[in-house]
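Coordinate analysis (summary)
One-letter residues, chain by chain:
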Amino acid sequence: DLGATSLDVGICNLDAKPVAVDSIEFDEAASPRQVIESAYQIATGLLNGIGLTSSKIRGVGLGVPGPVQFSTGTLVAPAILRGWDKYPISTALKERFGCPAYVDNDVNVMALGEQWAGGGKGVQNFMFVKLGTGIGAGIVCEGKLYRGSQGCAGDIGHIVIDGCDVVCACGKRGCLEALAGGPAIGRRAEAEVKQRSTPVLSTLLKEHGRLTAKDVGLAALRGDPVAAEIIKDTGCLIGRVLAKTIDFFNPSLILIGGGVAKAGDLLLASIRELVYQQSLPLATGDLIVQPSALGDRAGMVGAAVLVLEKLYDARTVAQVIA
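Here's a quick rundown of the structure. Remember, predicted model here, so these are calculated numbers, not experimental data.

**Comments concerning the overall build of the protein**
Secondary structure summary: the protein contains twelve helices and eleven strands in total. Radius of gyration (C-alpha) of the protein: 20 Å, near the 20 Å computed for a compact globule of 322 residues. Burial analysis of the protein (322 residues in total) assigns 50% to the buried set. Taking the contacts inside the protein whose residues are at least 6 apart along the sequence as the reference set, 63% of them involve residues at least 24 apart. For the protein, the exposed surface amounts to about 15,300 Å²; the carbon and sulfur share of it is 53%. With 30 positive and 32 negative side-chain charges, the protein shows a spacing of 3 Å between the two charge centroids.

**Side note on the pattern of salt bridges**
For side chains of opposite charge, pairing can occur when their charged atoms come near one another. Within this structure, the stated rule accounts for nine salt bridges. Taking the shortest distance from any N to any O, the salt bridge between Arg188 and Glu192 comes out at 3.5 Å. Placement of both Arg188 and Glu192 in helix H5 (residues 182-195) is noted, with a separation of four residues, approximately one turn of the helix. Its relative accessible area of 12% is what places Glu192 among the buried residues. One network of salt bridges, with partners in common, ties together Arg188, Glu192, Arg196, Glu229 and Asp233.

**Observations regarding the sheet that holds strand E8 (residues 135-141)**
One open sheet holds the five strands; their spatial order is E9-E8-E7-E10-E11, and the pairing between them is mixed. For this open sheet the edge positions go to strand E9 (144-146) and strand E11 (288-291), each flanked by a neighbour on one side alone. Neighbour-to-neighbour, the strand axes of this sheet turn through a mean angle of 25 degrees, independent of strand direction. Across six bridges, strand E7 (residues 126-131) lies against E8 in antiparallel orientation. Note that in E8 the partner of Lys130 across the bridge is Gly136. Helix H8 (residues 225-249) rests against E7, E8 and strand E10 (253-257) of the sheet, and its axis sits at about 160 degrees to E7.

**Re the packing of aromatic side chains**
Under the criterion given, the structure shown has one aromatic pair. Where Tyr40 meets Phe97, the ring centres are 5.2 Å apart and the plane angle is 75 degrees; that geometry is what we call edge-to-face. Residue Tyr40 is located in helix H1 (residues 32-49), and its partner Phe97 is located in helix H2 (residues 89-97); the two are separated by 57 residues in the primary sequence. Look at Tyr40 and you get buried, because its relative accessible area is 18%. The residue whose ring lies beneath Arg96 is Tyr40, and the NZ or CZ to ring-centre distance is 3.7 Å. Here the guanidinium or amino end of Arg147 rests over the ring plane of Phe70, the centre of that ring lying 3.7 Å away.

**Details of H1**
Between its terminal C-alpha atoms H1 stretches 26 Å, which fits the 26 Å expected from 18 residues at 1.5 Å a residue. Turning to H1, its buried residues are Pro32, Val35, Ile36, Ala39, Tyr40, Ile42, Ala43, Leu46 and Leu47. Of the residues trailing H1, Gly51 is marked for its positive phi of about 75 degrees.

Rules and cut-offs
Residues numbered from 1 in each chain as written. Predicted model: local features only at pLDDT ≥ 70, side-chain atom pairs only at ≥ 80, totals over all residues. Heavy atoms only, no water. Helix = DSSP H or I, 4+ residues; strand = E, 2+ residues; numbered from the N terminus. Rg over C-alpha atoms; globule rule 2.2 N^0.38 Å. Buried < 20%, exposed > 50% of the residue type's maximum accessible area, 1.4 Å probe, protein only. Contact = heavy atoms within 4.5 Å. Areas by Shrake-Rupley, 256 points an atom, 1.4 Å probe, with all protein chains shown as cover. Lys, Arg positive; Asp, Glu negative; His and termini not counted. Charge placed at Lys NZ, Arg CZ, Asp CG, Glu CD. Salt bridge = Lys/Arg side-chain N within 4 Å of Asp/Glu carboxyl O. Pairing = 2+ DSSP bridges. Axes fitted to C-alpha atoms, helices over the stretch in contact; angles between N-to-C directions. Phe/Tyr/Trp six-rings, centres within 6.5 Å; stacked < 30°, edge-to-face > 60°. Lys NZ or Arg CZ within 6 Å of the ring centre and 35° of its normal. Expected span 1.5 Å × (residues − 1).

So, to be careful, I would describe these as geometric facts and stop short of saying anything about function.
Below you can see the structure in the form of structure tokens.
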């Protein structure tokens, strides 16, 4: 599970359950080959730790932040991993690990994880919304992950908010991600510290030298009114966009995950408030909006599911038996 700030690697069994896990910080400037080598070294160390060899690996799944052309396993014009554009990730993984490899958008992978073993288990129509450095949604429709014609369905982070002109990393102005993503929250908090009395945020800025979304969430929990205002405004922006997707898709469940989601109940309450205010009554009559059940493990579990679905589909099993 590759995010904007970390690389999480897990060895999972045939029930997609992680049995050994490790994580390292991720530098956006790292090349794809460097990241793949790091993943291989971590995986090898984890296997050694549980007494297994690399021959036991049946497949590798990877979730990456950005639009993925699923048929080729490549990122296309990502806003975050700019050096990865069109790089043949799945081919490189296959060569390094010596087994089949599959790549998808990180939010799709998280949705698969929740469907397999989390809050989406048994739910036919739901969305998993990741709030982090980037913002996106994984869509499960009639029990199946929906990727769209090219693989970029659910990229809600680049839906434009009317009346906002902040430039996004994608080049457009007013994207949800540029206003409510993790870096945007940190930037707003730093600007507020310079203009208003923010007791907790001011202290955290002095301690850390900069502010992150995590700091803002912590400050809100400690009673900083400005931090609470930022969290509430962020939730309202996200809720405005989700309300439109709810009217269009009509899911019965929305799961909220990602690093920014750890800001707590105030963020979730603000999202819910806008969703129920601005969506049609019929669309929200039985709608549940709740936190991810798997948390940080959703992507890892989903990456394993990605492999299992490919390795053990009916056609592959029939070929093996034959």
